[in-house]
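The lines below spell out each chain.
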Amino acid sequence: MLKKDEIRYCLDTMGEMFPEAHCELVHSNPFELVIAVSLSAQCTDALVNKVTKNLFQKYKTPEDYLSVPLEELQNDIRSIGLYRNKAKNIQKLCQMVLEKYNGEIPMDRDELINLPGVGRKTANVVVSVAYNIPAIAVDTHVERVSKRLGICRWKDSVLEVEKTLMKKVPKEEWSVTHHRMIFFGRYHCKAQNPKCEVCPLLALCREGKKRMKTKGVV
C-alpha cells in the first residue's frame, strides 16, 4: 500500500498529466447531468453525448419526458445499452422530481440516491459537478487506478474504495481528484494495454512493475 507522501506524488503527477480533467458528459444544468449520468452506466461518455445531443433538444424538462409514451423514449435512446430499463427509470425519476422536489434536482446526495436509476456514483457526480460539493465518485476507472497503484486494496468494494480515497485525499481535492483519476484511467492506465512503459508512476505502481516484469522489461 502506498504511503501518504507517495499518494501525494501520484495525485500531483496526475494533475500535471491532466490539468484540464473535467466531466466529459455534455450538459447545461443539473437535470440534464442526472439524465446523462444515468444513461452512462455500462456505456461510454462519447456514446451518451452522441445520444443526448438530440435528446436534450427534444426534452427540456421532466414534464417533457413524461409527455411521450415509454416506447418513444426507448426509441430515442435505443443505441445505448440497457435502454429499456434506463427509459423506464428516467420517466420514474422525472415523476418523482416533479412530485417530491418541485421539478428541481436535489443537492443532497442521500436525496439523490432515492431517485430511480440513481446510485451512489451518479449522486456523487451530480453533487460534485452540478453543485460544487466535494465528492469522489468511484467509477470503473477510479477503482482500477486506485487498486493498481496500491492506494486501495484489491479486495475493497466500491464503497470501501470511496471511503479510503476520502480519508487519503484532502477534502478540497476530492472532486478534481475524481476527474483526474478518470482521465488517467481512461487515457493512460487503461483496462487493456495500460501505458506502463511510459508511465511516470511506474516506480510506485505494484501492478505496473508486475506487468513490466512479465514482459521481461524490468
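Model, not experiment: these values are computed from the prediction.

S.K.: Please give an account of the overall build of the protein that cites residues and values.
M.R.: Tallying secondary structure elements over the protein gives 12 helices and 0 strands in all. Projecting the C-alpha coordinates of the protein onto the three principal axes gives extents of approximately 60 × 30 × 30 Å. In the protein, which comprises 218 residues, the share counted as buried stands at 48%. Contacts in the protein between residues at least 24 apart in sequence constitute 58% of all its contacts with a sequence separation of at least 6.

S.K.: Please give an account of the pattern of salt bridges that cites residues and values.
M.R.: All chains considered together, the criterion is met by 12 salt bridges. Aspartate 12 is the partner of arginine 8 in a salt bridge, and the nearest nitrogen-oxygen pair spans 2.9 Å. Separated by 4 residues within a single helix, arginine 8 and aspartate 12 lie in helix H1 (residues 4-17), roughly one turn from each other. Residue classification places arginine 8 among the partly exposed positions, given a relative accessible area of 29%. A salt bridge links glutamate 162 to arginine 120, with the shortest nitrogen-to-oxygen separation between them at 2.7 Å. Placement of glutamate 162 in helix H10 (residues 158-168) and of arginine 120 in helix H8 (residues 120-131) is noted, with a sequence separation of 42 residues between them. Given a relative accessible area of 2%, glutamate 162 falls into the buried group. Here the salt bridges share partners, and the residues they tie into one network are Arg8, Asp12 and Glu173.

S.K.: I'd like a description of the packing of helix H9 (residues 140-149) against H10, backed by residues and values.
M.R.: The contact between H9 and H10 brings their axes to 10 Å, and the two run at 70°. By the angle between their axes, H9 is roughly perpendicular relative to H10. Where H9 crosses over H10, the handedness of that crossing is left-handed. Contacts from Val142, Glu143, Ser146 and Lys147 of H9 reach H10 at Val158, Val161 and Leu165. Grouping the constituent residues of the contact of H9 with H10 by class yields 4 nonpolar, 1 polar and 2 charged.

S.K.: Describe in detail the packing of H9 against helix H11 (residues 174-187), supporting the description with residues and values.
M.R.: When two helices pack together, their arrangement is given by the angle between the helix axes and by the axis-to-axis distance. Following both chains from N to C, one finds H9 and H11 inclined at 80°, their axes separated by 8 Å at the closest point. When the axes of H9 and H11 are compared, the pair comes out roughly perpendicular. Contacts between H9 and H11 pair His141, Val142, Arg144, Val145 and Ser146 from the former with His178, Met181, Ile182, Phe184, Gly185 and Arg186 from the latter. For the contact of H9 with H11, the class distribution of residues is 5 nonpolar, 4 polar and 2 charged.

Reading guide: rules and limits
- Residues numbered from 1 in each chain as written.
- Predicted model: local features only at pLDDT ≥ 70, side-chain atom pairs only at ≥ 80, totals over all residues.
- Heavy atoms only, no water.
- Helix = DSSP H or I, 4+ residues; strand = E, 2+ residues; numbered from the N terminus.
- Buried < 20%, exposed > 50% of the residue type's maximum accessible area, 1.4 Å probe, protein only.
- Contact = heavy atoms within 4.5 Å.
- Salt bridge = Lys/Arg side-chain N within 4 Å of Asp/Glu carboxyl O.
- Axes fitted to C-alpha atoms, helices over the stretch in contact; angles between N-to-C directions.
- Parallel < 35°, antiparallel > 145°, perpendicular 65-115°, else oblique.
- Left-handed = near helix turned anticlockwise from the far one by under 90°.
- Nonpolar A, V, L, I, M, F, W, Y, C, P; charged D, E, K, R; others polar.

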